[in-house]
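Here is how the chains run, residue by residue.
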Amino acid sequence: LPLFTAPTRYFLHSTMDSVIATLQNFAEDPIPAACVAVGSLKLLSVLLGLLGYIYKWQFRPSVKVTKFGKYAVITGATDGIGKAYAFALAKRGMSIILISRTESKLQEVAKEIDEKNFKGIEKTKYI
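Calculation rules
Residues numbered from 1 in each chain as written. Predicted model: local features only at pLDDT ≥ 70, side-chain atom pairs only at ≥ 80, totals over all residues. Heavy atoms only, no water. Buried < 20%, exposed > 50% of the residue type's maximum accessible area, 1.4 Å probe, protein only. Helix = DSSP H or I, 4+ residues; strand = E, 2+ residues; numbered from the N terminus. Pairing = 2+ DSSP bridges. Core = buried A, V, L, I, M, F, W, Y, C linked by side-chain atoms within 4.5 Å. Contact = heavy atoms within 4.5 Å. Patch = residues over 30% accessible without salt bridge, like charges linked within 9 Å, V, L, I, M, F, W, Y side chains within 5 Å. Areas by Shrake-Rupley, 256 points an atom, 1.4 Å probe, with all protein chains shown as cover. Salt bridge = Lys/Arg side-chain N within 4 Å of Asp/Glu carboxyl O.

J.: Just checking my understanding: could you explain the pairing of strand β1 (residues 71-75) for this structure?
T.: Successive side chains on a regular strand alternate, one facing one side of the sheet and the next facing the other. The alternating pattern of β1 places A72 and I74 on a buried face and Y71, V73 and T75 on a face that is not buried. Direction of pairing for β1 relative to strand β2 (residues 95-99): parallel, over a ladder of five bridges. Note that in β2 the partner of A72 across the bridge is I96.

Shown next as structure tokens:
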């Protein structure tokens, strides 16, 4: 199998030809050629940094949270961010221990999590 398709090879070949022609124009005075080379290297550096950033935040696999332990203790777990964290961690396979002030709300949230039947978690506990 060819590494590049025919249009890609043509584009790369024509691009290299234009780069060589440009550098030959600077043969008498090397300062502009050096500036072009340094600028190209800087542009390449910025593009590689941007690609690394995109990979890190968009394509890299997420951390397996269960490697930190089997249980997650979540405070304020009956509303808002605490409740959202409880569901997100349960979805990732963590067994959940809920802590909050209102026992009736704790029972409701624990029941909601248990009803979802997330894979690999034990019955949700609350304090």
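Picking up where we left off.
J.: What is the right way to read the nonpolar core from this model?
T.: Looking at soluble globular proteins, one finds that nonpolar side chains tend to be buried together. Membership of the largest hydrophobic core comes to 17 residues, with the highest contact counts inside it found for L89, I96, L98 and I113. Those elements that provide at least two residues to this core are β1, α3 (80-91), β2 and α4 (103-115). Ignoring anything within four residues of it in the chain, the contact list for L98 reads I74, A77, A86, L106, V109, A110, I113, T124, K125, Y126 and I127.

J.: Just checking my understanding: could you explain the environment of Q24 for this structure?
T.: Inspection of the secondary structure assignment puts Q24 in helix α1 (residues 6-25). Since its relative accessible area comes to 57%, Q24 is described here as exposed. Distance in space between the C-alpha atoms of Q24 and I113 is 69 Å, their sequence separation being 89 residues.

J.: I would appreciate a short explanation of a nonpolar patch on the surface in the present structure.
T.: Residues L41, L43, L44, L47, L48, L50, L51, Y53, I54, Y55, W57 and F59 make up a contiguous nonpolar surface patch of roughly 1300 Å² in combined accessible area. Along the polypeptide, L48 turns up in helix α2 (residues 30-59). Residue class for L48 comes out exposed when judged on its relative accessible area of 53%.

J.: How should the pattern of salt bridges be read in this particular structure?
T.: Side chains bearing opposite charge may pair, as long as their charged atoms lie close to each other. One pass over the structure, following the stated rule, counts five salt bridges. K105 is the salt-bridge partner of D79, the closest N and O atoms lying 3.3 Å from each other. With D79 in the loop between β1 and α3 and K105 in helix α4, the pair connects residues that are 26 residues apart, well separated along the chain. Exposure remark for D79: the relative accessible area of 45% places this residue in the partly exposed category. In this structure, E112 engages K83 in a salt bridge whose closest nitrogen and oxygen atoms are separated by 3.6 Å. Of this pair, E112 sits in helix α4 while K83 sits in helix α3, and the two are 29 residues apart along the sequence. According to the relative accessible area criterion, E112 is partly exposed, its value standing at 31%. Residues participating in the shared-partner salt-bridge network are K70, E122 and K125.

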